[in-house]
Amino acid sequence: MMRGMGNMQGMMKQMQKMQKNMKKDQEELEKKEFTGNSANDLVVVTFDGKKEMKDIQIKPEAVDPDDIDMLQDLVIMAVNDAITKIDKQTQQTMGKYTQNIPGF
């Protein structure tokens, strides 16, 4: 019976270590900055790992009062690029914790 308890304690320690590592990795990911770019870098956005926009830069040549739709498309393109980068990095960083868990 004691042998089973030792295995359980070892497993609990491993789980606690994994949780600590997950939290550390998540915090580092949230602090990281991600930049998204539109075509020709006319619009550049910066997000943190929590997907909160921190900055947007729009080059003057992207602003055409007669073609607001183009500017809107450029902003959407840059934002989607940044979010894709965040999602990819999140999967690379946090995926190691879920790869062997059923249902993930």
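Just above sits the structure.
Residues numbered from 1 in each chain as written. Predicted model: local features only at pLDDT ≥ 70, side-chain atom pairs only at ≥ 80, totals over all residues. Heavy atoms only, no water.

> Can you break down the overall build of the protein residue by residue, with the values?
Scanning the protein from terminus to terminus reveals two helices and three strands. At 21 Å, the protein has a C-alpha radius of gyration far larger than the 13 Å of a compact globule built from 104 residues. Of all 104 residues assigned to the protein, the portion counted as buried reaches 23%. By sequence separation, contacts in the protein at least 24 residues apart represent 49% of the contacts at least 6 residues apart. Carbon and sulfur atoms form 54% of the exposed surface of the protein, whose accessible area is close to 8,000 Å². One way to put it: in the protein the 15 positive side-chain charges average out to a point 21 Å from where the 17 negative ones average out. (Helix = DSSP H or I, 4+ residues; strand = E, 2+ residues; numbered from the N terminus. Rg over C-alpha atoms; globule rule 2.2 N^0.38 Å. Buried < 20%, exposed > 50% of the residue type's maximum accessible area, 1.4 Å probe, protein only. Contact = heavy atoms within 4.5 Å. Areas by Shrake-Rupley, 256 points an atom, 1.4 Å probe, with all protein chains shown as cover. Lys, Arg positive; Asp, Glu negative; His and termini not counted. Charge placed at Lys NZ, Arg CZ, Asp CG, Glu CD.)

> Give a description of the environment of Gly95 that names residues and reports values.
Along the chain, Gly95 turns up in helix α2 (residues 68–98). By relative accessible area, which is 10% here, Gly95 ends up buried. For the pair Gly95 and Met12, spaced 83 residues apart in sequence, the C-alpha to C-alpha distance is 21 Å.

> Break down a negative patch on the surface for me, with residues and values.
A cluster of acidic residues, Asp64, Asp66, Asp67, Asp69 and Asp73, forms a negative patch at the surface. Note on placement: Asp73 falls in helix α2. (Patch = residues over 30% accessible without salt bridge, like charges linked within 9 Å, V, L, I, M, F, W, Y side chains within 5 Å. Salt bridge = Lys/Arg side-chain N within 4 Å of Asp/Glu carboxyl O.)

> Mind laying out a nonpolar patch on the surface, listing which residues take part and the relevant values?
Taken together, Met8, Met11, Met12 and Met15 make up a surface patch of nonpolar side chains, about 400 Å² in accessible area. Checked against the element boundaries, Met11 lands in helix α1 (residues 2–31). Owing to a relative accessible area of 48%, Met11 belongs among the partly exposed residues under this scheme.

> Residue-level account of the sheet that holds strand β1 (residues 33–37), with values.
If you walk across this open sheet you meet the three strands as β1-β2-β3, and the pairing is antiparallel. Strand pairing shows two members of the sheet lacking a second neighbour, β1 and β3 (53–58), which therefore form its edges. Neighbour-to-neighbour, the strand axes of the sheet open up by a mean angle of 15°, direction not taken into account. Relative to strand β2 (residues 43–48), β1 runs antiparallel, the two being bridged by five bridges. Looking at the pairing, Asn37 lines up with Val44 of β2. Lying over the sheet, α2 contacts β1, β2 and β3, oriented at roughly 140° with respect to β1. (Pairing = 2+ DSSP bridges. Axes fitted to C-alpha atoms, helices over the stretch in contact; angles between N-to-C directions.)

> Any chance you could break down the nonpolar core for me, citing the residues and the numbers?
Val43, Val45, Phe47, Ala62 and Leu74 are the most contacted members of the largest nonpolar core, which totals 15 residues. Among the secondary structure elements, those contributing two or more residues to this core are β2 and α2. Per element, the largest residue contribution to this core is eight residues, and it comes from α2. Each residue touching Leu74, except ones within four places of it in the same chain, is listed here: Ser38, Ala39, Leu42, Val43 and Ala62. (Core = buried A, V, L, I, M, F, W, Y, C linked by side-chain atoms within 4.5 Å.)

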